[in-house]
Amino acid sequence: MIDVHVLTHSGTRADWLDQCLESLAREPCTVHVVAGVEGNIAAGREIGFGLGEHPYVTFVDSDDFVLPGAMDAMCEALQRAPAACARELVLTEDGARHGPFVKHHLFALRREVVAPHLPGYGKRFARDHCVTALANICPPLEIDAITYVWRQHPQQSHRSFGTWPIYPSP
């Protein structure tokens with residue numbers, strides 16, 4: 001089993017959060033919905049990664065969703081490596097899906113790997129994209145499975161970081 005946290009914030013859309021939670025309901029995981037810290041995603045991650053008791057941890061953004069088998073794929077990979085990342089599809093505003101792309105979502109770790117980094121995580125990584133920070137802690141095993149749908153839209157918080165590409169519509 002795996003603990004999954006989903007951060008919410010003032011701009012969280014209820015319909016997208018519902019879709020996110022519905023996608024996780026059929027997965028072997030415990031979901032923790034966490035009120036994020038406005039303006040500091042890393043502070044929310046610090047809280048989220050600390051929740052639960054399962055040996056593995058990950059997150060799903062409240063505007064995204066997982067595909068069937070996502071958590072099984074992560075748990076299997078984490079039996080072989082301390083961190084794992086799978087492939088994702090990008091869902092653009094016009095409803096088109098692009099990809100697959102890799103090394104962004106779904107990123108999961110063994111709890112024992114991330115736990116020592118949690119105290120102060122929100123301050124140390126306040127300006128880093130979460131996956132960048134996690135990959136610096138422990139480079140992931142990249143698995144060949146499409147597990148995640150990343151919804152791209154103008155209100156995404158990652159756009160303020162300027163470190164991740166916005167995949168254009170063809």
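Rules used in this analysis
Residues numbered from 1 in each chain as written. Predicted model: local features only at pLDDT ≥ 70, side-chain atom pairs only at ≥ 80, totals over all residues. Heavy atoms only, no water. Helix = DSSP H or I, 4+ residues; strand = E, 2+ residues; numbered from the N terminus. Buried < 20%, exposed > 50% of the residue type's maximum accessible area, 1.4 Å probe, protein only. Contact = heavy atoms within 4.5 Å. Areas by Shrake-Rupley, 256 points an atom, 1.4 Å probe, with all protein chains shown as cover. Salt bridge = Lys/Arg side-chain N within 4 Å of Asp/Glu carboxyl O. Pairing = 2+ DSSP bridges. Right-handed = clockwise from strand over helix to strand, strands pointing away. Core = buried A, V, L, I, M, F, W, Y, C linked by side-chain atoms within 4.5 Å. Axes fitted to C-alpha atoms, helices over the stretch in contact; angles between N-to-C directions. Polar contact = N/O pair within 3.5 Å; in protein donor to acceptor, adjacent residues only side chain to side chain.

J.: It is not clear to me how the overall build of the protein chain should be interpreted in this structure. Could you clarify?
T.: A count of helical and extended segments in the protein chain gives six helices and seven strands. Reading the helices (α) and strands (β) of the protein chain from amino to carboxyl end gives β-α-β-α-β-β-α-β-β-α-α-α-β. A burial count over the protein chain gives 52% of its 170 residues as buried. Restricting the contact set of the protein chain to residue pairs at least 6 apart, pairs at least 24 apart contribute 76%. Looking at the protein chain as shown, the accessible area adds up to about 7,800 Å², and 54% of this sits on carbon and sulfur atoms.

J.: Sorry, what's going on with the pattern of salt bridges here?
T.: Counted according to the given criterion, the structure contains five salt bridges. We note a salt bridge from arginine 111 to aspartate 3, for which the minimum N-O separation is 2.6 Å. You can see arginine 111 sitting in helix H4 (residues 111-114) and its partner aspartate 3 sitting in strand S1 (residues 2-8), a full 108 residues away along the chain. Across the pair, exposure class does not vary: arginine 111 and aspartate 3 are buried alike. In this structure, aspartate 61 engages arginine 45 in a salt bridge whose closest nitrogen and oxygen atoms are separated by 2.8 Å. Placement of the pair is aspartate 61 in the loop between strand S3 (56-59) and strand S4 (65-66) and arginine 45 in helix H2 (residues 41-49), with a sequence separation of 16 residues.

J.: Hey, could you run me through the pairing of strand S2 (residues 29-35) in this one?
T.: The side chains of a regular strand alternate between the sheet's two faces. Two elements, S1 and S2, share seven bridges in a ladder whose sense is parallel. The partner of threonine 8 across the bridge, within S2, is alanine 35. Where the polypeptide runs from S1 across helix H1 (residues 14-25) and back to S2, its parallel neighbour, the crossover connection is right-handed.

J.: How should I be thinking about the environment of valine 113 in this particular structure?
T.: With respect to the helices, strands and loops of the structure, valine 113 is situated in helix H4. Between the C-alpha atoms of valine 113 and isoleucine 137, which are 24 residues apart in sequence, the distance is 8.0 Å. Excluding residues within four positions of it along the chain, valine 113 makes contact with Pro82, Ile137 and Cys138.

J.: Explain the nonpolar core to me, please; I cannot follow it from the model alone.
T.: Burial of nonpolar side chains together is a common tendency in soluble globular proteins. Among the nonpolar cores identified, the biggest contains 25 residues, and Ile2, Leu24, Val60, Met71 and Met74 are the most heavily contacted of them. Broken down by element, the residue count for this core peaks at seven residues, all from helix H3 (residues 70-78). When sequence neighbours within four positions are dropped, the list of residues in contact with methionine 71 reads Ile2, Val4, Leu24, Glu27, Pro28, Cys29, Thr58, Val60, Val66 and Leu106. Counting 19 residues, the second largest nonpolar core, distinct from the first, contains Cys85, Val113, Val114 and Ala133.

J.: Can you walk me through the sheet that holds S4 in this structure?
T.: Sheet strands associate in pairs through backbone hydrogen bonding, adopting either a parallel or an antiparallel arrangement. Here seven strands make up an open sheet; going across it, the order is S2-S1-S3-S6-S5-S7-S4 and the pairing mixed. A single partner strand is all that each edge strand has here, and the edge strands are S2 and S4. Inspection of the sheet shows strand S5 (residues 83-91) paired to strand S7 (residues 141-151) by seven bridges, in the parallel sense. In the sheet register, cysteine 85 faces S7, and the bridge partner there is glutamate 142. Its contacts with the sheet put H2 on S1, S2 and S3, and the angle it makes with S1 is roughly 145°.

J.: What should I look at first to understand the side chain of serine 62 in this one?
T.: Summarising the element assignment, serine 62 is placed in the loop between S3 and S4. According to the relative accessible area criterion, serine 62 is buried, its value standing at 6%. Only 3.4 Å separates the side chain of serine 62 from the backbone oxygen of leucine 7, close enough to count as a polar contact. In contact with serine 62, not counting residues within four places along its chain, are Val6, Leu7, Thr12, Trp16, Leu17 and Cys20.

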